[in-house]
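# Remarks on the overall topology
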Amino acid sequence: MTNAYDEAYRRSLEDPDAFWAEAAAGIDWHKSWDRVLDDSKAPFTRWFTGAECNTCHNALDRHVDGGRAEQAALIYDSPVTGGTVKTYTYRQLRDEVARFAGVLKGLGVGLGDRVVIYMPMVPETVVAMLATARLGAIHSVVFGGFAANELALRIDDAKPKVIVSATCGIEVGRVIEYMPLLNGAITIARHKPEKCIILARQQAAAELHPDRDVDWAEAMAAAEPADCVPVAATDPLYILYTSGTTGEPKGVVRDNGGHMVALKWSMKNIYDVDPGDVYWAASDVGWVVGHSYIVYGPLLHGCTTILYEGKPVGTPDAGAFWRVISEHKVKVLFTAPTAFRAIKREDPDAKLIEPYDLSAFKALFLAGERTDPDTLHWAEDNLGVPVIDHWWQTETGWAIAANPIGLHAFPIKPGSPTKAMPGWDVRILDGANREMAAGDVGAICIKLPLPPSSLQTLWNADGRFRESYLDEFPGHYKTADAGYKDSDDYLYIMARTDDIINVAGHRLSTGGMEEVLADHPDVAECAVIGVADELKGQLPAGFLVLNAGVDRDHGDIVAEVVAMVRDKIGPVAAFKQAVVVDRLPKTRSGKILRGTMQKIADNEDYKTPATIDDPVVLDEIAVALERIGYAKARNA
Ligand code: COA
Ligand code: AMP
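Calculation criteria
- Residues numbered from 1 in each chain as written.
- Chains lettered and ligands numbered in written order.
- Predicted model: local features only at pLDDT ≥ 70, side-chain atom pairs only at ≥ 80, totals over all residues.
- Heavy atoms only, no water.
- Helix = DSSP H or I, 4+ residues; strand = E, 2+ residues; numbered from the N terminus.
- Rg over C-alpha atoms; globule rule 2.2 N^0.38 Å.
- Buried < 20%, exposed > 50% of the residue type's maximum accessible area, 1.4 Å probe, protein only.
- Contact = heavy atoms within 4.5 Å.
- Areas by Shrake-Rupley, 256 points an atom, 1.4 Å probe, with all protein chains shown as cover.
- Pairing = 2+ DSSP bridges.
- Axes fitted to C-alpha atoms, helices over the stretch in contact; angles between N-to-C directions.
- Domains from an automatic or database assignment.
- Salt bridge = Lys/Arg side-chain N within 4 Å of Asp/Glu carboxyl O.
- Polar contact = N/O pair within 3.5 Å; in protein donor to acceptor, adjacent residues only side chain to side chain.
- Nonpolar A, V, L, I, M, F, W, Y, C, P; charged D, E, K, R; others polar.
- Near = heavy atom within 4 Å.
- Core = buried A, V, L, I, M, F, W, Y, C linked by side-chain atoms within 4.5 Å.
- Parallel < 35°, antiparallel > 145°, perpendicular 65-115°, else oblique.
- Left-handed = near helix turned anticlockwise from the far one by under 90°.

## Describing the overall build of the protein chain
The helix and strand inventory of the protein chain stands at 18 helices and 31 strands. Taking 26 Å as the expected radius of gyration for a compact globule of 636 residues, we find that the protein chain reaches 24 Å, a close match to that expectation. Its C-alpha atoms put the protein chain at 70 × 70 × 55 Å along the principal axes. A burial count over the protein chain gives 61% of its 636 residues as buried. For the protein chain, restricting intrachain contacts to residue pairs at least 6 apart in sequence, the fraction spanning at least 24 positions comes to 70%. Put simply, the protein chain shows about 23,800 Å² of open surface, and 49% of that area lies on carbon and sulfur atoms.

## Topic: the sheet that holds strand 23 (residues 426-429)
Strand order across the open sheet formed by four strands is 23-24-25-26, with antiparallel pairing between neighbours. Of all strands in the sheet, those bounded by a partner on one side alone are strand 23 and strand 26 (491-496). Within the sheet, the average angular offset between the axes of one strand and its neighbour, ignoring direction, is 50°. Bridging between strand 23 and strand 24 (residues 442-447) involves four bridges; their strand directions are antiparallel.

## Some thoughts on the domain arrangement of the protein chain
What the domain assignment lists for the protein chain is domain 1 (4-310 + 390-483) and domain 2 (507-627). Domain 1 and domain 2 are separated by 34 Å when their C-alpha centres are compared. Of the residues lining the interface, 17 residues belong to domain 1; the matching set on domain 2 comes to 13 residues. Connecting domain 1 to domain 2 are one salt bridge. Linking Arg-507 and Glu-395 is a salt bridge whose minimum nitrogen-to-oxygen distance equals 2.9 Å. At the junction of domain 1 with domain 2, the criterion picks out five residue pairs in polar contact (both at pLDDT 80 or more). Looking at the side of domain 1 that touches domain 2 residue by residue, the class counts come to four nonpolar, ten polar and three charged.

## What to know about the environment of Thr-315
By secondary structure assignment, the location of Thr-315 is in the loop between strand 17 (304-308) and helix 11 (320-328). Look at Thr-315 and you get buried, because its relative accessible area is 6%. A polar contact of 3.3 Å, which involves the side chain of Thr-315, links it to the side chain of Tyr-308.

## Thoughts on the site of ligand 2
Contacts to ligand 2 come from 14 residues, most closely from Asp-389, Thr-394, Asp-481, Arg-496 and Arg-507. Within the backbone of His-390, an N or O atom sits 2.8 Å from a nitrogen atom of ligand 2. In the model, an oxygen atom of ligand 2 is placed 2.7 Å from a nitrogen or oxygen of the Arg-496 side chain. Isolated, ligand 2 exposes 490 Å² of accessible area, and the fraction of that covered by the protein chains is 91%.

## Considerations on the nonpolar core
Counting residues in hydrophobic clusters, the biggest one holds 120 residues, and the most contacted among them are Phe-100 and Leu-130. Here the element with the most residues in this core is helix 10 (residues 288-300); it accounts for eight residues. In contact with Leu-130, other than residues within four places in its own chain, are Cys-56, Ala-59, Leu-60, Leu-93, Val-97, Val-295, Tyr-296 and Leu-299.

## Examining the pattern of salt bridges
Counted under the stated rule, the structure contains 38 salt bridges. Arg-323 is the partner of Asp-77 in a salt bridge, and the nearest nitrogen-oxygen pair spans 2.7 Å. Here Asp-77 is found in strand 4 (residues 72-78), whereas its partner Arg-323 is found in helix 11, with 246 residues between them in sequence. You'll find Asp-77 and Arg-323 in the same group, each marked buried. The closest approach of N and O atoms between Asp-349 and Lys-351, which form a salt bridge, is 3.9 Å. Note on Asp-349: relative accessible area 53%, which makes it exposed. Using a relative accessible area of 51% as the deciding quantity, one classes Lys-351 as exposed. One network of salt bridges, with partners in common, ties together Asp-61, Arg-94, Asp-95 and Arg-134.

## Describing the packing of helix 5 (residues 123-134) against helix 10
Two elements in contact, helix 5 and helix 10, have axes separated by 11 Å at closest approach and are oriented at 60°. Between helix 5 and helix 10, the angle falls in the class oblique. Classified by chirality, the crossing of helix 10 by helix 5 is right-handed. Judged by residue contacts, Val-126, Met-129, Leu-130 and Ala-133 of helix 5 engage His-291, Val-295, Tyr-296 and Leu-299 from helix 10. When its residues are assigned to classes, the contact of helix 5 with helix 10 shows seven nonpolar, one polar and no charged.

## Considerations on the packing of helix 15 (residues 510-518) against helix 16 (residues 554-568)
With their axes 9 Å apart at the nearest point, helix 15 and helix 16 run at an angle of 125° to one another. In terms of orientation, helix 15 lies oblique with respect to helix 16. Crossing handedness for the pair helix 15 and helix 16: right-handed. Contact with helix 15, carried on its side by Met-513, Val-516 and Leu-517, involves Val-561, Met-564, Val-565 and Lys-568 of helix 16 and no other residues of that element. Among the residues forming the contact of helix 15 with helix 16, the class breakdown is six nonpolar, no polar and one charged.

## As for the site of ligand 1
Not every one of the 22 residues close to ligand 1 is listed here, only the nearest: Glu-171, Arg-174, Lys-536, Arg-566 and Lys-576. Within the side chain of Glu-171, one N or O atom sits 2.6 Å away from an oxygen atom of ligand 1. One of the backbone nitrogen or oxygen atoms of Val-572 is found 3.5 Å away from an oxygen atom of ligand 1. At the level of secondary structure, the elements contributing two or more residues to the shell around ligand 1 comprise strand 10 (174-177) and helix 12 (337-346). Looking at the shell around ligand 1 residue by residue, the classes come out as ten nonpolar, six polar and six charged. Of the domains in this structure, domain 1 (4-310 + 390-483) and domain 2 (507-627) are the two that each give at least three residues to the shell around ligand 1.

Right under this line is the structure:
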């Protein structure tokens with residue numbers, strides 16, 4: 001017997017025009033489309049060509065005009081500032097956004113200009129994003145945990161007219177001053193923004209550059225509100241940089257029209273929330289989860305979104321999530337499994353849930369990394385709601401696979417993010433582009449065309465877009481994840497096929513870290529691998545081969561490379577362990593055997609590769625790993 005999901009999935013692939021046109025009815029269009037799916041320039045798919053729209057209008061003005069003006073649009077909950085809670089109604093948020101759009105417009109920002117936003121988790125960040133969208137300009141939010149050098153790379157690629165920043169971010173017990181990072185980045189970058197708008201926070205003062213910087217509050221006081229500017233549905237809404245296989249990040253480009261349609265559709269069908277419900281994505285606006293499900297998805301759907309400036313533990317304790325859920329009547333929470341592992345570690349018996357009324361809470365969604373069965377069961381047992389793993393990527397903007405509880409709730413199979421969502425024609429392929437049988441692990445690919453909201457290209461890099469995603473499996477998008485489908489079409493995501501690692505739900509490039517280590521004057525050669533970690537899923541570990549004749553203390557060199565990664569990439573890399581070795585294990589053609597090294601570190605059985613140059617090196621690696629606390633693995 002078919003269900004609503006089967007029907008939706010079939011229609012989305014057989015008649016995508018009809019399926020997505022129907023979903024598009026949930027959006028206001030200034031001008032309707034000529035074509036829904038436009039593959040005239042395949043493999044570059046465009047959605048809703050000919051249409052005109054404005055994302056900010058749909059996220060705010062539409063609801064103000066449609067009867068939600070006095071409903072809460074955004075609740076800012078900030079334990080790190082001593083328990084600040086501030087609510088913005090849709091009208092208040094629209095007015096703030098319109099005024100800040102006036103500020104940007106006054107600085108010359110218009111259609112297609114880029115605005116880099118390097119901000120902490122404060123409402124002004126959301127205001128800046130929506131104001132940029134209001135003008136038809138393109139935002140690029142950079143996560144606050146990245147260092148000046150990473151910010152500089154993004155400035156040089158996006159070439160912003162204006163940067164919006166703040167005096168500081170706040171971590172547990174620590175104020176992160178942003179101005180030295182911003183100034184450092186602008187010094188390093190070849191491209192210089194015309195202006196920076198700086199939000200002064202109480203926790204840190206800043207000296208503004210008189211010719212460059214504008215104070216947020218002063219500019220707002222002097223600005224006139226600006227109206228929404230209609231843009232082509234295919235115009236970019238934002239660029240979001242994500243880790244690639246080198247230190248050079250990839251600028252994922254998202255459109256306006258398709259993005260709105262897919263996100264709005266997902267709110268009811270995947271998350272089962274209705275307009276007026278409270279939705280909380282405990283992530284950061286610097287990541288795709290924050291873009292899609294702190295800002296755009298909930299607001300497009302007329303929900304109340306929570307902006308939480310805090311952590312799952314330590315602000316002040318492992319009951320923080322339950323407090324927020326009960327205080328704001330959250331219906332759906334979306335976070336990463338690592339947050340739940342952190343809570344479980346501090347409060348294994350979930351005693352801190354007891355004081356709170358969680359009766360409004362209906363479902364927990366997890367993504368960013370695989371939900372391990374232990375965490376799944378702990379959350380299910382203690383919360384008594386469905387716990388749903390779903391799988392997606394910065395590139396896709398919404399779930400490729402999920403359990404769409406608003407459409408049809410499938411039985412949960414631990415370890416699986418359930419089934420492909422409408423529009424996603426997921427295929428498991430072998431190296432020769434052939435589909436594999438159920439149960440066999442292969443490369444997870446999506447048969448083209450990609451559905452609405454998927455990346456259009458990489459910013460100014462169509463060639464890199466093709467090389468990274470389309471060339472290896474002709475006719476398909478390569479997710480770079482490996483896995484399989486079972487006989488019920490449930491998907492299982494097993495591992496990345498490239499050198500990306502996943503640290504606390506954050507996607508990081510080991511290649512990028514190797515580039516930093518290789519810059520150390522004493523390092524001749526190096527490798528970075530991701531090793532299993534109970535809390536964060538994975539942690540990076542570095543291996544250093546020193547230049548001949550270097551006789552300095554190894555501990556000093558390790559401390560220096562650790563500091564270099566923190567300084568060049570940022571604290572978010574969580575690079576804290578490295579070890580000096582005599583040589584790295586390689587194939588006869590010189591390829592470093594990172595996969596085998598990782599198995600050794602994770603204490604998994606491994607086979608010595610037939611192509612290895614010298615098998616003894618693997619024993620040396622095992623000994624080195626033992627020195628930094630990793631058990632010696634078995635050579636099977
Ligand atoms: N600005 C500056 N520094 C930041 C930062 C930011 N926005 N975010 C994180 N950092 C720093 C942290 O302070 C930490 O620094 P430290 O090395 O001095 O301790 C480092 O970057 C690593 O941060 P993180 O990986 O977040 O580790 P943590 O120990 O602070 O917290 C968790 C661990 C599990 C509690 C935390 O990762 C978490 O809440 N994760 C939730 C999931 C999530 O947000 N996922 C994103 C995608 S959904
Ligand atoms: P990001 O682009 O930062 O969202 O990271 C995307 C990558 O995170 C994916 O390619 C996967 O490797 C991993 N990932 C995200 N969600 C899941 C999930 N639910 N299960 C397994 N891996 C996931």
